[in-house]
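Residues per chain are reported as follows:
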Amino acid sequence: MDVGARLDRLEAESALRRLGSDYCQGFDKRDWDRFAGVWHEDAVWVVVGAGVQFEGLEAIVEQARRMWEEPELRQSHHHNANSVIDIDIGGDVATGMTDVHVNVELGDHTWQRFTATYIDRYERRAGRWKIARREAGLASELFPVSDPDAHGRDR
Amino acid sequence: MDVGARLDRLEAESALRRLGSDYCQGFDKRDWDRFAGVWHEDAVWVVVGAGVQFEGLEAIVEQARRMWEEPELRQSHHHNANSVIDIDIGGDVATGMTDVHVNVELGDHTWQRFTATYIDRYERRAGRWKIARREAGLASELFPVSDPDAHGRDR
Amino acid sequence: MDVGARLDRLEAESALRRLGSDYCQGFDKRDWDRFAGVWHEDAVWVVVGAGVQFEGLEAIVEQARRMWEEPELRQSHHHNANSVIDIDIGGDVATGMTDVHVNVELGDHTWQRFTATYIDRYERRAGRWKIARREAGLASELFPVSDPDAHGRDR
């Protein structure tokens, strides 16, 4: 493989890892421009298990905003790990599988902790890598967390 | 360092990070082909503390499968972080130190949460980077988790 | 962008990710040479919220050591995730935003679990990328953890 193609692949991997980070940083910090920036206009966001999907950038961002409202989220933390990325550099397409450790506090001060796995399809269009499709599947049952009283004991 | 060597080092780092991800993804999702693919035929997997080690790809994969059976695991989640990788590109050898946050649910629905650190030796043979030796050492005592009853309260 | 500049940017990203890992590995394992190695001589470490900051390598390392003594830490685990790195390669400057999941056990065997976000400024001086400024801000309230008794039940 020539130098240009090798650089291209390495830069693509860097860009794809960045998308994964911007997704979490954007959602958790409610930086909606950052969150919106990771998706193609016609992207599809599938919530496996819930059996629902959101089609198109506008619907995806609207859903993300809604997730902060009902059930109300007091805080949200998505931490990525174990990204496995395969790039077809000539085809401007890549696939990814990434685990995420999620901790959210609901409006009633109860917590949910779980892991999920993102199965992604990325496409490069007009030179920009973005998510074309993300399937978010629960990778675990809810982890145990303390009851809200225990929370107070930790302060 | 010339362009070829610089690209080689960057591609090696990418390949080594991929091994770390495939190890976790393979074990947790019981994708044994993926798990087996990260080890050289004569690799050694040392479980520090337990004072045991497994030699050779076959013994390593067999042990990984056994870990799902006794103690029975209902689910397993290994999340890598903080990889420190040093590559001797000319020597086709690299070393790594990576933390991992582990959450496992046992057959009796109790959970264990802890961190470990992997001390790795990687070798490139026939152009393929794989793990030659992994020492998995407990980096923490068990973290507190709720009693199984608390689990139900999170549902 | 020419080949040299593209390689330079990729190598810079690799070096910056390494700083983030060495910070966590150094602090958690009390490897103070490793911890010290990520900071420029005149670096500034800001603890947002506490409203304190530490100026200069010596003061930063002294503070890190002190954090293990009061409140006494029995163990500490910092796991990075979601690094967002922007590099001005010509200017030898970069910025970063990284989440970290922290689990610490205090001397009284109680635990604290929380997330923080590091806002970093990196500079390359004499060819070496290091942290010029790190602002560590709590990204969450404390997560719930079990009371110490629950800890015993996990042993």
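Scroll up a little and you will see the structure.
The text that follows walks through the structure, step by step, so that each part is easy to find. If you're wondering where the values come from, they're calculated on a predicted model, not measured in any experiment. (Residues numbered from 1 in each chain as written. Chains lettered and ligands numbered in written order. Predicted model: local features only at pLDDT ≥ 70, side-chain atom pairs only at ≥ 80, totals over all residues. Heavy atoms only, no water.)

### Comments concerning the packing of aromatic side chains
- Counted according to the given criterion, the structure contains 36 aromatic pairs over all chains.
- Considering the side-chain rings of B:Trp32 and B:Phe35, the 5.7 Å spacing of their centres and the 85° angle between planes classify their relative orientation as edge-to-face. In this pair, B:Trp32 and B:Phe35 are both assigned in helix H2 (residues 32–36), 3 residues apart and thus about one turn of the helix distant. This pair shows no difference in class: B:Trp32 is buried, exactly as B:Phe35 is.
- With a centroid separation of 6.1 Å and 55° between ring planes, the pair formed by C:Trp45 and C:Phe54 is classed as tilted. (Phe/Tyr/Trp six-rings, centres within 6.5 Å; stacked < 30°, edge-to-face > 60°. Helix = DSSP H or I, 4+ residues; strand = E, 2+ residues; numbered from the N terminus. Buried < 20%, exposed > 50% of the residue type's maximum accessible area, 1.4 Å probe, protein only.)

### Quick word on the relation of the copies chain A and chain B
- Least-squares fitting of chain A to chain B yields an RMSD of 0.0 Å, with the superposition described by an axial translation of 0.0 Å and a rotation of 120°. Here the copies are linked by what is in effect a three-fold axis. (Least-squares fit on C-alpha atoms with pLDDT ≥ 70 in both.)

### Section: the interface of chain B and chain C
- The partner chain C presents 33 residues to the 32 residues of chain B that form the contact.
- Between chain B and chain C, a total of about 2500 Å² is buried, with carbon and sulfur atoms accounting for 50% of that surface.
- Between chain B and chain C we count 3 salt bridges in total.
- We note a salt bridge from C:Arg18 to B:Asp86, for which the minimum N-O separation is 3.1 Å.
- Where chain B meets chain C, there are 14 residue pairs in polar contact (both at pLDDT 80 or more).
- For the side of chain B that touches chain C, the elements supplying multiple residues, two or more each, are helix H1 (3–28), strand E3 (73–88), strand E4 (93–106) and strand E5 (111–125) of chain B. (Contact = heavy atoms within 4.5 Å. Buried area = accessible area lost by both parts, 1.4 Å probe. Salt bridge = Lys/Arg side-chain N within 4 Å of Asp/Glu carboxyl O. Polar contact = N/O pair within 3.5 Å; in protein donor to acceptor, adjacent residues only side chain to side chain.)

### Brief notes about the side chain of C:Arg134
Residues and elements named next belong to chain C.
- Among the secondary structure elements, Arg 134 is positioned in strand E6 (residues 128–138).
- Residue Arg 134 is classed as buried on the basis of its relative accessible area of 2%.
- Not counting residues within four places of it along the chain, the set of residues in contact with Arg 134 comprises Tyr 23, Trp 39, Val 44, Trp 45, Val 46, Tyr 118, Ile 119, Asp 120 and Tyr 122.

### Focus: a nonpolar patch on the surface
- Taken together, the side chains of A:Val3, B:Val3 and C:Val3 define a hydrophobic patch exposed on the protein surface, amounting to about 170 Å² of accessible area.
- Classification of C:Val3 by relative accessible area gives partly exposed; the value is 33%. (Patch = residues over 30% accessible without salt bridge, like charges linked within 9 Å, V, L, I, M, F, W, Y side chains within 5 Å. Areas by Shrake-Rupley, 256 points an atom, 1.4 Å probe, with all protein chains shown as cover.)

### As for the sheet that holds strand E6 (residues 128–138) of chain A
- Pairing within the open sheet is mixed, and its 6 strands lie in the order E2-E1-E6-E5-E4-E3 (chain A). Of all the strands in the sheet, just strand E2 (52–55) and strand E3 (73–88) of chain A have a single pairing partner and so form its edges. Across the sheet, the mean angle separating the axes of adjacent strands is 20° when strand polarity is ignored.
- Direction of pairing for strand E4 (residues 93–106) of chain A relative to strand E5 (residues 111–125) of chain A: antiparallel, over a ladder of 13 bridges. Within the sheet, the bridge partner assigned to A:Val104 lies in E5(A) and is A:Gln112.
- This element, helix H1 (residues 3–28) of chain A, spans strand E1 (39–47), E3, E4, E5 and E6 of chain A of the sheet and lies at about 165° to E3(A).
- Across the sheet, H1(B) touches E3 and E4 of chain A, and the angle it forms with E3(A) is around 115°. (Pairing = 2+ DSSP bridges. Axes fitted to C-alpha atoms, helices over the stretch in contact; angles between N-to-C directions.)

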